[in-house]
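Below, each chain spelled out in residue letters.
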Amino acid sequence: MSTENEGTAVPPAPSAPPVPVDTPAASAQPAAPYPDQPPSHAPSPAPHDGFGPAAAPAAPAQQQPANQGPDASQGHTADAPQGHTPPDASWPPPPPPGAPTYGGGGGDGHGGWGASYQPPAPKPGRGRTGLVAGFLVAALVMGALGGGLGYTLAKNNDETGSTTVAASDTGGSLKRDAGTVAGVAAKALPSTVTIQAEGSNGEGGTGTGFVFDKQGHIVTNNHVVAEAVDGGKLSATFPNGKKYAAEVVGHAQGYDVAVIKLENAPSDLNPLPLGNSDKVAVGDSTIAIGAPFGLSDTVTTGIISAKNRPVASSDGSGSSKASYMSALQTDASINPGNSGGPLLDAQGNVIGINSAIQSTSNGGFGTGQAGSIGLGFAIPVNQAEFVAKQLIKSGEPVYAKIGASVSLEETTNGAKLTEQGVNGSDPVEAGGPAADAGLKPGDVITKLDDRVIDSGPTLIGEIWTHKPGDEVTVTYERGGKENTTELTLGSKVGDD
């Protein structure tokens, strides 16, 4: 299976909140769907409980519970009409129809919200063989043409007596300033790794990660290491060729963030500096580092195309649960294998984790995975840093929640609190944050603080940018009237 969330065409995304000049990377991959899974047609969404938002449509023959705030365990299925059987109570909720694909392992691509799933990436080596073969052919062809051309020019020179002029300096001898792309890449590359993950069944893929601290912790995407969590194998290779075995310290399915630790980590590790994703502006320059299609240590550039982009992504499998983010969107080229890699600003600070891509089709070098069309999504680093520190501390993620089931149905009118809970549970948790704030089933949340909420998935992504205990202002409609209330977010530990 591919650990990248990139790749298939995605259904139109719900209207995104206005860009206040502001991820997603991604994806687990909307922007950034999971790349390697064939498109699947999901039934209408079911409610999503607890964690905060809504219920996304369940996969055929398998409904998932609504997505509640972190403490609720409802899958997310699209807004289910009254009388429908609530989805399963597993959490996180299933991806909404057409969710983006991951852009990380082996090939990465978080697709945009509503994107169709992409087929999983081939086993390590298989897709890369096709790619390498293609490059070898190109190299041989170009080499042959170059040889013929060189002979012709040499022959002409002999006949005409023409001479050539050599440059005084070659590119390799030039000093590159710290603020240039080359300068940033030279400093950041030694602190990035290519991750190989292999499950006990031999399945796996390739992704990217970056040095988080001097103790040997590496931050990456959950979907990059998922196969190796139970009895699998992990390795991290630096650009200098040094390879280290690694183990998973903690992983968060809902956030699509994971932390691994190098065994016998070297003492000279240089953690990449973390920026402030809240301060990023649309138009800012970006630099992405990763291993697209297995090509390690690849650097691409672009800009921040949008901020606060609601993205829900999964790998497209029937048992897959969705990841949600309020992503940084970039046009820097991100492909399968870029997942988990750093998205840097012009100063070389990490502002996001490349996670997913939106793609229009499959294909490319025989891998069966889609490539970049300039719509990549990254998890904002402010959120990723909080999650990573929690995983290092306890091994488990902590999610903010509102304690209510929310519809995951695609709309542009807001996030509706469902009339039914998951498996017979209350749609609004008794004594929970939503209940204490006076919210009731049927209410439609239209804003969270100053952020416009157009759907359940958007609400979930926004809630998860906050921490448990944060106070937020909720604007909602009831009976055609607009109301506001103050709500203190609750918490849920773990992905179960």
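What you are looking at is a predicted structure, and each value in this text was computed from that prediction instead of being measured.

## Details of helix α2 (residues 181–188)
And then number 1: All buried positions along α2 are accounted for by Gly183, Val184, Ala185 and Ala188.
And then number 2: Contacts made by the buried residues of α2 are with β3 (192–198), β9 (285–290), β10 (298–313) and β12 (342–344).

## A few points about the nonpolar core
And then number 1: By size, the foremost hydrophobic cluster in this structure holds 54 residues, and its most contacted members are Ile402, Ile445 and Leu459.
And then number 2: At 5 residues, helix α4 (residues 381–394) tops the list of elements feeding residues into this core.
And then number 3: Core analysis: the second largest hydrophobic core is formed by 17 residues, Ile218, Ala236, Phe238 and Leu269 among them.

## Focus: the packing of aromatic side chains
And then number 1: Counted according to the given criterion, the structure contains 5 aromatic pairs.
And then number 2: Centre to centre, the rings of Tyr255 and Tyr399 are 4.4 Å apart; their planes meet at 15 degrees, and the pair counts as stacked. Here Tyr255, found in the loop between β7 (243–252) and β8 (257–262), pairs with Tyr399, found in strand β15 (residues 398–401); they are 144 residues apart in sequence, far enough to count as distant. The residues Tyr255 and Tyr399 share a single accessibility class, namely buried.
And then number 3: Judged by its relative accessible area of 0%, Tyr399 falls in the buried class.

## Comments concerning a negative patch on the surface
And then number 1: Together, Asp449, Asp450, Glu471 and Glu486 give the surface a local cluster of negative charge.
And then number 2: Examined against the element boundaries, Asp450 turns out to sit in the loop between β18 (444–448) and β19 (451–452).

## Digging into unusual backbone geometry
And then number 1: Phi at Asp297 takes a positive value of approximately 60 degrees, unusual for a residue other than glycine.
And then number 2: One can find Asp297 in the loop between β9 and β10.
And then number 3: If you check the backbone angles, Asn308 has positive phi at about 55 degrees while not being a glycine.

## Describing the pairing of β10
And then number 1: Pairing of β9 with β10, which is carried by 6 bridges, proceeds in the antiparallel orientation. Opposite Ile289, over in β10, you have Val299 as the bridge partner.
And then number 2: Judged from the 7 bridges that link them, β10 and strand β11 (residues 323–330) form a sheet pairing that is antiparallel. Bridge assignment links Ala306 to a residue of β11, and that residue is Gln329.

## A closer look at the side chain of Thr220
And then number 1: If you trace the backbone, Thr220 turns up in strand β5 (residues 217–220).
And then number 2: Of note is the side chain of Thr220, whose polar atom sits 2.6 Å from the backbone oxygen of Thr208.
And then number 3: If we skip the residues at most four places from it in the chain, Thr220 touches Ile195, Thr208, Gly209, Val225, Asp256, Val257, Ala258, Ser339 and Gly340.

## Quick notes on the sheet that holds β8
And then number 1: Strand order around the closed barrel formed by 6 strands is β3-β4-β5-β8-β7-β6, with antiparallel pairing between neighbours. Across the sheet, the mean angle from the axis of one strand to that of its neighbour is 40 degrees, orientation sign disregarded.
And then number 2: Bridge count between β7 and β8: 6 bridges; the pairing is antiparallel. Each residue of the ladder has a partner; that of Val248, found in β8, is Ile260.
And then number 3: Against the sheet, α4 contacts β5, β7 and β8, and its axis sits at roughly 50 degrees relative to β8.

## Remarks on α4
And then number 1: Helix length check: α4 (14 residues) gives 20 Å between terminal C-alpha atoms against 20 Å at 1.5 Å per residue, within 8%.
And then number 2: Buried within α4 are the following residues: Val381, Gln383, Ala384, Val387, Ala388, Gln390 and Leu391.
And then number 3: Residue Gly395 follows α4 closely and has a positive phi angle near 85 degrees.

## Things to note about the pattern of salt bridges
And then number 1: According to the stated counting rule, one finds 4 salt bridges in the structure shown.
And then number 2: Of the charged contacts, one joins Lys401 and Glu429 as a salt bridge, the two residues approaching to 2.9 Å between their closest N and O atoms. Of this pair, Lys401 sits in strand β15 while Glu429 sits in the loop between β17 (415–416) and α5 (433–436), and the two are 28 residues apart along the sequence.
And then number 3: When its relative accessible area of 26% is taken as the criterion, Glu429 is described as partly exposed.
And then number 4: Of the charged contacts, one joins Asp443 and Arg478 as a salt bridge, the two residues approaching to 2.8 Å between their closest N and O atoms. Pair noted here: Asp443 is in the loop between α5 and β18 and Arg478 is in strand β20 (residues 471–478), with a separation of 35 residues, a long-range link.
And then number 5: The class of Asp443 is buried, set by a relative accessible area of 2%.
And then number 6: Judged by relative accessible area, Arg478 falls into the partly exposed class, the value being 31%.

What counts as what
- Residues numbered from 1 in each chain as written.
- Predicted model: local features only at pLDDT ≥ 70, side-chain atom pairs only at ≥ 80, totals over all residues.
- Heavy atoms only, no water.
- Buried < 20%, exposed > 50% of the residue type's maximum accessible area, 1.4 Å probe, protein only.
- Helix = DSSP H or I, 4+ residues; strand = E, 2+ residues; numbered from the N terminus.
- Contact = heavy atoms within 4.5 Å.
- Core = buried A, V, L, I, M, F, W, Y, C linked by side-chain atoms within 4.5 Å.
- Phe/Tyr/Trp six-rings, centres within 6.5 Å; stacked < 30°, edge-to-face > 60°.
- Patch = residues over 30% accessible without salt bridge, like charges linked within 9 Å, V, L, I, M, F, W, Y side chains within 5 Å.
- Areas by Shrake-Rupley, 256 points an atom, 1.4 Å probe, with all protein chains shown as cover.
- Salt bridge = Lys/Arg side-chain N within 4 Å of Asp/Glu carboxyl O.
- Lys, Arg positive; Asp, Glu negative; His and termini not counted.
- Charge placed at Lys NZ, Arg CZ, Asp CG, Glu CD.
- Pairing = 2+ DSSP bridges.
- Polar contact = N/O pair within 3.5 Å; in protein donor to acceptor, adjacent residues only side chain to side chain.
- Axes fitted to C-alpha atoms, helices over the stretch in contact; angles between N-to-C directions.
- Expected span 1.5 Å × (residues − 1).

These values are about where atoms sit, not about what they do.
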